[in-house]
Amino acid sequence: MIRKAVIPAAGFGTRLLPASKSQPKEMLPIVDTPTIQYVVEEAVAAGITDILMIIGKGKRAIEEHFYRNFELELELEEKGKEKELEELKRISNLANIHFVWQKELNGLGDAISYARDHVGNEPFAVLLGDTLVQSNSGESVTKQMIDVYERYNESVVALEEVDRDKVSRYGVMDGKVIDKNIYLVENFVEKPDPEDAPSNLVIAGRYVLTPEIFDCIGRTKPGKNNEIQLTDAMELLLKERAMYGLRFEGRRYDLGNRLDFLKTNIEFALMRDDLKEGMEEFIKELAAKM
Ligand code: G1P
């Protein structure tokens, strides 16, 4: 059973400046909900009960979001705002959430290494705090990955097909399909040039890892951008154990860049019963002017 998840959220978010200067990029809202809350809810929907967030300077707002605010609760109670009060209580009860500071921003692999003591000797999920994924089936992508883990008892990464010219932004997988949308991984390359990429299937920001990854991270030398890359550590893990890829049917929203951030807000608003109609009208008005 997989109970624990790690959410790395220490990066500065330079691609979203100035919005991310004095608030964590993970707290920027999609409609009315911080990005990282969607990530936590995805983990919780997959049966995760314990979450460790890897944070750093300027990320305190994340802690405040998931802990209780008694003054605010009292205020809502006095004003009879029951719906809001219930929602706030629900958020602070989503999971046991813990925080640890990454001492230096030294790459995703380095960030995950801070989870070693907390995770112990169990398999665990990793969900990148600035990436949302939605599966067409409605079942959380993390849940689908945990199902694959339970079938093989080996690490699993979420895979997404992207255009060849975009592969250099991602970790790229080389492997063979073994069952519908499941791949047996043979190799990974972090951010290759398109001509060197072994495929156009990329790591989509969700992982289920076995605890051997921590030793592998310990043996990983600085790679792309002179940082300790999780992808390089997974390459080492592949030498010892099998690893599977799940190509999920659905969408990934990378909130680290401006245009995707805006598009995601519009798409999510269109999925909401309370906003759909108003948003559709607005889009029609805009389209008529173009
Ligand atoms: C990280 C990983 C990369 C993965 C990507 C997904 O890169 O290193 O392998 O494909 O996340 O978003 P980053 O976006 O942190 O540069």
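Being a predicted model, the structure only gives us computed values, none of them experimental.

Within the protein, the regular secondary structure consists of 11 helices and 13 strands. Taking 19 Å as the expected radius of gyration for a compact globule of 290 residues, we find that the protein reaches 20 Å, a close match to that expectation. With respect to the principal axes defined by its C-alpha atoms, the protein has extents near 60 × 50 × 35 Å. Of all 290 residues assigned to the protein, the portion counted as buried reaches 48%. The long-range share in the protein, meaning contacts at least 24 apart out of those at least 6 apart in sequence, stands at 75%.

A separate point is the pattern of salt bridges. Per the stated rule, a full pass over the model turns up 26 salt bridges. With its nearest N and O atoms 3.5 Å apart, the salt bridge here joins Lys4 to Glu122. With Lys4 in strand β1 (residues 4-8) and Glu122 in the loop between α6 (116-119) and β6 (124-127), the pair connects residues that are 118 residues apart, well separated along the chain. Each member of the salt-bridge network shares a partner with another, and the members are Arg3, Lys4 and Glu122.

Let's shift gears to the site of the ligand. Contacts to the ligand come from Leu108, Leu128, Tyr170, Gly171, Glu190, Lys191, Ile203, Gly205, Tyr207, Gln229 and Thr231. Within the contact set of the ligand, an oxygen atom lies 2.6 Å away from a side-chain nitrogen or oxygen of Lys191. In this structure, Thr231 approaches the ligand through a side-chain N or O atom, which is 3.2 Å from an oxygen atom. Notes on the ligand: free accessible area 380 Å², of which the protein chains cover 76%. Here the shell around the ligand is composed, by residue class, of five nonpolar, four polar and two charged.

This part covers the nonpolar core. Formed by 45 residues in total, the largest nonpolar core has its most connected members in Ile51, Met53, Ile62 and Phe66. Per element, the largest residue contribution to this core is five residues, and it comes from helix α7 (residues 141-152).

Rules used in this analysis
- Residues numbered from 1 in each chain as written.
- Predicted model: local features only at pLDDT ≥ 70, side-chain atom pairs only at ≥ 80, totals over all residues.
- Heavy atoms only, no water.
- Helix = DSSP H or I, 4+ residues; strand = E, 2+ residues; numbered from the N terminus.
- Rg over C-alpha atoms; globule rule 2.2 N^0.38 Å.
- Buried < 20%, exposed > 50% of the residue type's maximum accessible area, 1.4 Å probe, protein only.
- Contact = heavy atoms within 4.5 Å.
- Salt bridge = Lys/Arg side-chain N within 4 Å of Asp/Glu carboxyl O.
- Near = heavy atom within 4 Å.
- Polar contact = N/O pair within 3.5 Å; in protein donor to acceptor, adjacent residues only side chain to side chain.
- Areas by Shrake-Rupley, 256 points an atom, 1.4 Å probe, with all protein chains shown as cover.
- Nonpolar A, V, L, I, M, F, W, Y, C, P; charged D, E, K, R; others polar.
- Core = buried A, V, L, I, M, F, W, Y, C linked by side-chain atoms within 4.5 Å.

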